[in-house]
Amino acid sequence: MVQEGGEVVAAGGAPREKKPNVFARIIIFIRQVFAELRKVVTPTRQELVKFTAVVLGFVVVMMALVYGLDVLFVWITTVVFGVPR
């Protein structure tokens, strides 16, 4: 933000608060980590099995796609460059 005199000032105009020291920041961080961990919901066995099946299914599909592309590119390079005998 620019004032009348062409001076650049921070938006809001409020003075900055003093940062806590390193140890206080570490303690605040640890407290915040525990607060976030309390919010975590553990999936039920049925949900866990379903999520695992979805991930494994996706991995199998991607493996098939990569394998198919690999076979296709091998065939294309064989057709273009030929195989020496």
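Conventions and cut-offs
- Residues numbered from 1 in each chain as written.
- Predicted model: local features only at pLDDT ≥ 70, side-chain atom pairs only at ≥ 80, totals over all residues.
- Heavy atoms only, no water.
- UniProt positions renumbered as here; feature names shortened; annotations may be inferred.
- Helix = DSSP H or I, 4+ residues; strand = E, 2+ residues; numbered from the N terminus.
- Salt bridge = Lys/Arg side-chain N within 4 Å of Asp/Glu carboxyl O.
- Buried < 20%, exposed > 50% of the residue type's maximum accessible area, 1.4 Å probe, protein only.

Please give an account of the UniProt feature "transmembrane region" (unreviewed entry) in the chain that cites residues and values.
In the numbering adopted here, UniProt assigns the feature "transmembrane region" (unreviewed entry) to residues 48-76. Along residues 48-76 the backbone is 100% helical and 0% strand, and the end-to-end C-alpha distance reaches 42 Å.

An account of the pattern of salt bridges is requested, with residue identities and associated values reported.
Under the counting rule described, the total for this entry stands at 1 salt bridge. Where E36 meets K39, a salt bridge forms, and the shortest distance between an N and an O atom there is 3.1 Å. Here E36 and its partner K39 are both found in helix α1 (residues 22-39), 3 residues apart, which amounts to about one turn of the helix. Take E36: its relative accessible area is 47%, and that puts it in the partly exposed class. Given a relative accessible area of 57%, K39 falls into the exposed group.

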